[in-house]
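Chain and residue survey
If you want the building blocks of each chain, they are given just below.
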Amino acid sequence: MIDNLIAREEHEGPIPSWRAGEVGDSTEIKRSTWSVEIKRGQPPLVQHGTEEVRAVRVIDDGRLGYASSRTQPWTQLKNEAYAAAKTGPDTCLDEPLLEEKTGYSSSKWDPSWMSSMMGTARELYDRLEQLDSRFRPAVSISYEETQTHLSNSLGGHVGFTRGYWSISAGGRLVSDTDFHAVTETRLGPDALSKISELGDVVEQRFRLGQPIVPVQPGKYPVVFLPTVVMSLLTPILTRLSGPTLLAGSSPWDDKIGQSVLSPLLTLTSDPTISGAPRTGPWDDEGTSTRAISLIEQGILKHFILDRDSARRIGQEPQGMGYRRNPGVPPASLPANLIVSGGAGNLTEWGNRFPMLLVLNGWIGARPTNPIRGDIAGNASELYVMEHGVITGRAKNVVVSLNALDALTHQLLAVGDDNQWVPQGMMTVAPGFLPPLLIDGADIQVRQ
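Calculation criteria
Residues numbered from 1 in each chain as written. Predicted model: local features only at pLDDT ≥ 70, side-chain atom pairs only at ≥ 80, totals over all residues. Heavy atoms only, no water. Buried < 20%, exposed > 50% of the residue type's maximum accessible area, 1.4 Å probe, protein only. Helix = DSSP H or I, 4+ residues; strand = E, 2+ residues; numbered from the N terminus. Pairing = 2+ DSSP bridges. Core = buried A, V, L, I, M, F, W, Y, C linked by side-chain atoms within 4.5 Å. Contact = heavy atoms within 4.5 Å. pLDDT = per-residue confidence, 0-100. Salt bridge = Lys/Arg side-chain N within 4 Å of Asp/Glu carboxyl O. Axes fitted to C-alpha atoms, helices over the stretch in contact; angles between N-to-C directions. Polar contact = N/O pair within 3.5 Å; in protein donor to acceptor, adjacent residues only side chain to side chain. Expected span 1.5 Å × (residues − 1). Arc of directions from axis to C-beta. Parallel < 35°, antiparallel > 145°, perpendicular 65-115°, else oblique. Left-handed = near helix turned anticlockwise from the far one by under 90°. Nonpolar A, V, L, I, M, F, W, Y, C, P; charged D, E, K, R; others polar.

**Considering the pairing of strand 8 (residues 267-270)**
Successive side chains on a regular strand alternate, one facing one side of the sheet and the next facing the other. Residues Leu 267 and Ser 269 line one face of strand 8 and the alternating positions Thr 268 and Asp 270 line the opposite face, and both faces are buried. Judged from the three bridges that link them, strand 8 and strand 9 (residues 292-296) form a sheet pairing that is antiparallel. By the bridge assignment for strand 9, Leu 267 is matched with Ile 295. Here strand 8 runs beside strand 13 (residues 336-339); their pairing, made up of four bridges, is antiparallel. Each bridged residue has a counterpart across the sheet, and for Thr 268 the counterpart in strand 13 is Ile 338.

Below, the structure written as structure tokens:
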């Protein structure tokens, strides 16, 4: 393995040379995606894309400098990092890697997978095309893999590969003034085994959403399905973030060991789940990782700390420094964010209330104040359940609440059906999340 590592370095250019007394690290990142996509009215699309980035961090006189590029040589990147350090932030970052070398992990991609991906996508597409002649289905299957090689000024080397599957299916139907869109995604270690289940869910939600049911403004119990649960967690993650803690902006800065959320909630940063997006023995700073309990039955256990923020508050780094994309520096982010499932389910919850709303799509739902936690968004996929039976879909509805209140005082139950939710523009980490039953969400209806 070491021979492979050395050969790779010689082929792609040497890693930065470090002089005695210098402190810094370098990272090579290669993110590759293989995907197939089928949409009505378009020929099937087969794609392979690769993004390669090099990055250098240096610590000069207690300041951090960072530079990245897709093309520049290491020497130039290192010089630019030193130039950036002159006006860079103060840092307590240290060298994370051990001095011994470990082998570079090679790609796990098998080209023969592409034909089976296309066959599986075609089978699911053909099924969805039978739903309605006006329905425009779309199916995609992708495998994304990131190879990372880190080195530092101590001579340490770490190499690893993260890879995961993602399957998305759905479609849209436009009829007069109604736009009905249904999308469902599965990712992670068992995504490929859930093709049939994915088709069942899309078909069921399409049929359930055909009748339009009017709702009146007011406060209702609402089931937040996994796709929208991450919106509720965003203010929580902000309060747990290392930079928020160090800035003195987190109301929880002195709450370790105290109850901050409902006892029904347990949140974990877990890099050990096989085949999940951020699974691996090291984070993006080269720090060894392990599962970390953030909130345990409502009690605050740990903050989300990268290497710099951990050192600033006098703690040992615990492996929560990740990049949101290859071109940016690592930040205080969880690995795979897990919310422990409960014992509830939609059937049971529907029988508890004469009327229950089920939310699966929430456009524009972002906190107006990430610390305070107020959130409002247009419900793009909101189902009405009456006396335990879903009777149709509500239109022109805005759902709003305070996420902190919802997850502290209004949380009635946690579901037993966790689903993987991908990282996105508004989400800082992939999540394995259950449905949540929230009481007293505010419903406004646009005329």
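**Focus: the nonpolar core**
Within the largest apolar cluster, 54 residues are counted, with the highest numbers of intra-cluster contacts made by Phe 224 and Trp 362. Here this core takes eight residues from helix 5 (residues 226-240), the largest share from any one element. With residues near it in sequence (within four places) discarded, Phe 224 still touches Val 229, Leu 232, Leu 359, Trp 362, Val 399, Leu 401, Pro 434, Pro 435, Leu 436 and Ile 438. If you look at the next biggest cluster of nonpolar residues, it comprises 25 residues, including Ala 121, Leu 124, Leu 128 and Leu 198.

**Details of the confidence of the model for the chain**
Residues at a pLDDT of 70 or more form 94% of the chain, whose mean pLDDT is 90. Segment residues 1-14: pLDDT under 50, and 22 contacts once partners within four positions in sequence are set aside and those in other chains are kept.

**Concerning the pattern of salt bridges**
A complete count under the given rule lists 27 salt bridges for this structure. Note that Lys 194 is salt-bridged to Asp 190, the shortest N-O span being 3.4 Å. Relative accessible area serves as the criterion here: at 18%, Lys 194 is assigned to the buried category. For Asp 190, a relative accessible area of 32% puts it in the partly exposed group. The residue Asp 308 makes a salt bridge to Arg 312 at a minimum N-O spacing of 2.8 Å. Of the two residues, Asp 308 and Arg 312 both sit in helix 7 (residues 307-312), four residues apart, roughly one turn of that helix. Its relative accessible area of 35% is what places Arg 312 among the partly exposed residues. Taken together, the shared-partner salt bridges connect Glu 184, Arg 186, Glu 197, Arg 205 and Glu 381 into one network.

**Details of the sheet that holds strand 3 (residues 63-69)**
In a beta sheet, neighbouring strands pair by backbone hydrogen bonds and run either parallel or antiparallel. Read across the open sheet, the six strands follow the order 3-2-1-4-5-6; overall the sheet is antiparallel. Because the sheet does not close on itself, it has two edges, and the strands there are strand 3 and strand 6 (178-187). Each strand axis lies, on average, 20 degrees off the axis of its neighbour in the sheet, ignoring direction. Bridge analysis of strand 2 (residues 45-60) against strand 3 gives seven bridges, and the strand direction is antiparallel. Across the sheet, Val 58 pairs through a bridge with Gly 65, a residue of strand 3.

**Describing the side chain of Arg 186**
Considering the arrangement of structural elements, one finds Arg 186 in strand 6. Look at Arg 186 and you get buried, because its relative accessible area is 5%. Within the local environment of Arg 186, its side chain forms a polar contact with the side chain of Gln 419, the two groups lying 3.1 Å apart. What Arg 186 contacts, discounting residues up to four positions off in sequence, is Trp 165, Ser 166, Ile 167, Ala 191, Lys 194, Glu 197, Leu 198, Val 201 and Gln 419.

**Concerning the environment of Pro 111**
Examined against the element boundaries, Pro 111 turns out to sit in the loop between helix 2 (74-85) and helix 3 (113-129). Its relative accessible area of 62% is what places Pro 111 among the exposed residues. C-alpha separation for the pair Pro 111 and Trp 34, spaced 77 residues apart in sequence, amounts to 9.3 Å.

**Overview of helix 2**
The end-to-end C-alpha distance of helix 2, which contains 12 residues, comes to 16 Å, matching closely the 16 Å that a straight helix rising 1.5 Å per residue would cover. Within the span of helix 2, buried status applies to Trp 74, Leu 77, Lys 78, Ala 81, Tyr 82 and Ala 85. Axial view of helix 2: buried residues confined to an arc of 140 degrees, hence all on one face. Its buried side turned inward, helix 2 meets strand 1 (23-39), strand 2 and strand 3.

**Section: the packing of helix 3 against helix 4 (residues 195-208)**
At their nearest, the axes of helix 3 and helix 4 sit 10 Å apart, and the two run at 25 degrees to each other. Classified by the interaxial angle, the pair formed by helix 3 and helix 4 is roughly parallel. Handedness of the helix 3/helix 4 crossing: right-handed. For the pair formed by helix 3 and helix 4, the contact residues are Thr 120, Leu 124, Arg 127 and Leu 128 on the first element and Ile 195, Ser 196, Leu 198, Gly 199, Asp 200, Val 202 and Glu 203 on the second. Along the lines of polarity and charge, the residues of the contact of helix 3 with helix 4 split into five nonpolar, three polar and three charged.

**Here we look at the sheet that holds strand 20 (residues 431-433)**
Strands sit in the order 10-9-8-13-20-19 across an open sheet of six strands; the sheet is mixed. A single partner strand is all that each edge strand has here, and the edge strands are strand 10 (299-300) and strand 19 (419-421). Against the sheet, helix 5 contacts strand 8, strand 9, strand 10, strand 13, strand 19 and strand 20, and its axis sits at roughly 120 degrees relative to strand 20.

**Side note on the side chain of His 157**
Note that His 157 resides in strand 5 (residues 157-175). Among the polar contacts listed, one links the side chain of His 157 to the side chain of His 149, at a separation of 3.4 Å.

**A word on unusual backbone geometry**
For Gln 297, which is not glycine, the phi torsion reads 50 degrees and is therefore positive. If you trace the backbone, Gln 297 turns up in the loop between strand 9 and strand 10. In this structure Gln 297 comes out as exposed when scored by relative accessible area, which is 54%. The residue Asn 396 is not glycine, and still its phi comes out positive at about 55 degrees.

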